[in-house]
Amino acid sequence: MQAFHFFISLNKRGEFSQSSIKHTKRRSSTVVKEGWMVHYTSRDNLRKRHYWRLDSKSLSLFQNDTGAKFYKEIPLSEILQVEQPRDYRNLAQGSNPHCFEIITATMVYYVGENNSSHYHSPALAASGVGMEVAQGWEKAIRQALMPVTPQPSVASAVGQGKDHKELSISISVSNCQIQENVDIASVYQIFSDEVLGSGQFGIVYGGKHRKSGRDVAIKVIDKMRFPTKQESQLRNEVAILQNLHHPGIVNLECMFETPERVFVVMEKLHGDMLEMILSSEKSKLPERITKFLVTQILVALRHLHFKNIVHCDLKPENVLLASAEPFPQVKLCDFGFARIIGEKSFRRSVVGTPAYLAPEVLRSKGYNRSLDMWSVGVIVYVSLSGTFPFNEDEDINDQIQNAAFMYPPTPWKDISTEATDLINNLLQVKMRKRYSVDKCLSHPWLQDYQTWLDLREFETRRGERYITHESDDARWEEYADEHSLVYPKHFIMAPNLDDMEEDP
């Protein structure tokens with residue numbers, strides 16, 4: 001998963017003064033189209049000629065075709081609409097009307113010059129004049145605004161006005177309202193060269209909300225390659241996420257649907273736990289960081305299980321990290337396999353990823369919320385050792401069902417016995433013996449002063465308390481005093497989210 005990309009945007013709210021040409025921009029490696037073009041704006045009716053360069057992030061207007069000095073940069077995420085010209089606007093330019101309009105929140109760019117008497121002049125076309133060259137730019141900009149959806153030809157769009165767009169249905173998750181005929185391209189910019197993840201039926205791209213500039217992740221599903229079963233998983237994920245609101249669970253903004261595609265818009269995060277493990281020294285995590293991450297996973301799971309929701313596919317790839325900090329915020333994602341299961345209920349449908357699945361699922365036996373706890377045990381093992389708890393040379397199903405895993409001296413001789421004890425209590429074949437969320441959180445490995453300090457420091461920075469509970473403050477202060485440890489006095493007493501609902 002790539003880190004965030006930021007636009008170099010200078011004086012985005014208006015035209016640059018002549019002194020702004022000193023600003024330079026490196027030539028993009030993803031240039032989509034370039035060439036001379038003319039334009040004027042809603043603020044300045046003097047037509048200007050520049051060398052335009054369109055890439056996956058922005059439209060840049062340069063002083064010439066060789067240098068890096070530029071006059072203007074328009075981030076694609078700020079373009080709200082590309083329209084055909086209106087007659088009353090053409091009158092302002094007399095006999096040389098513009099060819100199309102680029103509309104942003106603060107300005108309208110009137111692009112091209114339709115000088116029909118010189119329509120076929122190569123010299124004028126090279127100078128950015130003529131309907132043919134303008135149509136080429138209009139088509140390229142439309143495609144860049146929605147790079148993952150086929151666009152109709154500009155020629156066919158000319159006489160259709162707004163009706164040429166691929167219309168879609170937008171489902172606002174926050175209030176569950178459905179808006180007809182909303183084009184996702186009018187609300188979000190998708191960056192086709194910023195792939196955050198991919199799967200068999202879709203790709204997750206980086207994107208940006210046009211009006212607010214908020215970074216998002218957009219899952220694009222091709223329905224033509226999407227079996228009915230997977231489509232039901234996606235709808236299941238949306239149905240569950242729209243009722244979940246917790247700092248430890250990824251926020252689903254909305255969903256758009258066209259006859260060919262589904263677009264699921266979520267908050268954009270930095271990376272996932274698997275990447276953190278693989279990029280760490282020796283491809284494993286220190287116990288201190290693992291405790292910090294696992295505690296957050298368990299707190300999010302407690303919220304899910306309280307609502308009778310079982311994730312059913314917990315693994316490091318589905319544990320997202322909000323930043324590149326050593327101690328980042330954790331959010332659970334990918335609820336396609338999630339199920340509504342009561343405290344004493346069982347389900348039997350096939351779910352999840354085999355390497356993290358509990359024996360009861362592999363045996364097609366009934367399973368309940370303890371399925372997630374087995375997965376937590378595997379996550380702890382993988383995080384601390386960088387390896388799976390099962391031998392790759394033997395059948396993994398047999399090993400999981402028999403709980404035949406080992407702790408080889410390298411690296412386990414350097415890992416605390418409390419850690420292995422927690423893992424042993426999670427990787428229990430018998431569901432009734434497997435630790436619950438609350439038992440895990442009360443385990444000595446996680447009831448650690450340094451872990452509590454790390455979590456409180458994090459909550460204090462966020463200004464929100466949802467992991468630790470204020471009822472433990474006095475206990476840890478007394479512990480610090482007994483062991484001559486420093487007890488920070490700067491922690492802000494923020495309200496605890498657990499007090500707002502009756503978690504078991």
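- For the chain, the name recorded in an unreviewed UniProt entry is Serine/threonine-protein kinase D3-like, with Sphaeramia orbicularis as its organism.

**Concerning the overall build of the chain**
Phase 1: Assigned secondary structure in the chain consists of 16 helices and 19 strands.
Phase 2: Buried residues in the chain amount to 53% of all 504 residues.
Phase 3: Sequence-distant contacts, at least 24 apart, represent 62% of the contacts inside the chain between residues at least 6 apart.
Phase 4: Just so you have it, the chain exposes about 23200 Å², and 51% of that area is on carbon and sulfur atoms.

**Description of the pattern of salt bridges**
Phase 1: On inspection of all chains with the given rule, the structure shows 21 salt bridges.
Phase 2: Here the salt bridges do not stand alone but share partners, grouping K57, D193, E194 and K268 into one network.

**Some thoughts on the packing of aromatic side chains**
Phase 1: Under the counting rule described, the total for this entry stands at 18 aromatic pairs.
Phase 2: Ring geometry for F292 against F327: centres 5.2 Å apart, planes inclined by 85°, an arrangement best described as edge-to-face. On the criterion of sequence distance, the pair formed by F292 in helix 8 (residues 287-306) and F327 in the loop between strand 17 (319-321) and strand 18 (330-332) is long-range, its members being 35 residues apart.
Phase 3: F292 gets classed as buried once you look at its relative accessible area, which sits at 1%.
Phase 4: Here Y381 and W412 contribute two aromatic rings whose centre-to-centre distance is 4.7 Å and whose plane-to-plane angle is 50°, an arrangement assigned as tilted. Taken together, the residues Y381 in helix 10 (residues 370-385) and W412 in helix 12 (residues 409-412) connect sequence positions 31 residues apart.
Phase 5: Chaining the aromatic ring pairs together yields one cluster made of Y449, W452, W476, Y479 and Y487.
Phase 6: A cation sits over an aromatic face here: K33 above W137, 5.3 Å from the ring centre.
Phase 7: The aromatic ring of F62 is capped on one face by R53, whose charged end is 4.6 Å from the ring centroid.

**Topic: the environment of V264**
Phase 1: Looking at the secondary structure, you find V264 in strand 14 (residues 261-267).
Phase 2: Distance in space between the C-alpha atoms of V264 and V204 is 9.0 Å, their sequence separation being 60 residues.
Phase 3: Those residues in contact with V264, other than ones at most four positions away along the chain, are A217, I218, K219, L234, L252, C254 and M255.

**Quick notes on the nonpolar core**
Phase 1: With 77 residues, the main nonpolar core has L293, I297, L298, L301, L332, F335 and V376 as its most contacted residues.
Phase 2: Residue contributions to this core reach at least three from each of two domains, namely domain 2 (174-267) and domain 3 (271-483).
Phase 3: Residues contacting F335, with those up to four places away along its chain left out, are N236, E237, I240, L241, L244, I249, L304 and H311.
Phase 4: In terms of nonpolar packing, the next biggest core, distinct from the first, is built from 23 residues, Y71, I74, V111 and V133 among them.

**A few points about the sheet that holds strand 15 (residues 271-272)**
Phase 1: As summarised here, the arrangement of the 3 strands in space is 15-17-18, forming an open sheet in which the pairing is antiparallel. Edge positions in the sheet fall to strand 15 and strand 18, since each has one partner strand and no second.
Phase 2: Judged from the 2 bridges that link them, strand 15 and strand 17 form a sheet pairing that is antiparallel. Note that in strand 17 the partner of D272 across the bridge is L320.

**A look at unusual backbone geometry**
Phase 1: In this structure, P411 follows T410 across a cis peptide bond, with omega equal to 15°.
Phase 2: Topologically, P411 is positioned in helix 12.
Phase 3: For D334, which is not a glycine, the phi torsion comes out positive at approximately 60°.
Phase 4: Take D334: it is sitting in the loop between strand 18 and strand 19 (339-340).
Phase 5: On the accessibility criterion, D334 (28% relative accessible area) is partly exposed.

**Quick look at the side chain of D372**
Phase 1: Among the secondary structure elements, D372 is positioned in helix 10.
Phase 2: For the buried D372, no salt bridge is present, and the opposite-charge side chain at shortest range is R369, 8.0 Å distant.
Phase 3: Polar side-chain contacts of D372 include one of 2.9 Å to the backbone nitrogen of H311.
Phase 4: D372 has contacts with L301, H305, V310, H311, C312 and L314, leaving out every residue within four places of it along the chain.

**Notes on the confidence of the model for the chain**
Phase 1: Of all residues in the chain, 75% attain a pLDDT of 70 or more, and the chain-wide mean is 80.
Phase 2: Taken as a whole, residues 1-22 scores under 50 in pLDDT and shows 57 contacts with residues more than four places along the chain or in a different chain.
Phase 3: Ignoring residues within four places in sequence, the model shows residues 88-93, a span with pLDDT below 50, making 11 contacts including any to other chains.

Rules and cut-offs
- Residues numbered from 1 in each chain as written.
- Predicted model: local features only at pLDDT ≥ 70, side-chain atom pairs only at ≥ 80, totals over all residues.
- Heavy atoms only, no water.
- Helix = DSSP H or I, 4+ residues; strand = E, 2+ residues; numbered from the N terminus.
- Buried < 20%, exposed > 50% of the residue type's maximum accessible area, 1.4 Å probe, protein only.
- Contact = heavy atoms within 4.5 Å.
- Areas by Shrake-Rupley, 256 points an atom, 1.4 Å probe, with all protein chains shown as cover.
- Salt bridge = Lys/Arg side-chain N within 4 Å of Asp/Glu carboxyl O.
- Phe/Tyr/Trp six-rings, centres within 6.5 Å; stacked < 30°, edge-to-face > 60°.
- Lys NZ or Arg CZ within 6 Å of the ring centre and 35° of its normal.
- Core = buried A, V, L, I, M, F, W, Y, C linked by side-chain atoms within 4.5 Å.
- Domains from an automatic or database assignment.
- Pairing = 2+ DSSP bridges.
- Lys, Arg positive; Asp, Glu negative; His and termini not counted.
- Polar contact = N/O pair within 3.5 Å; in protein donor to acceptor, adjacent residues only side chain to side chain.
- pLDDT = per-residue confidence, 0-100.

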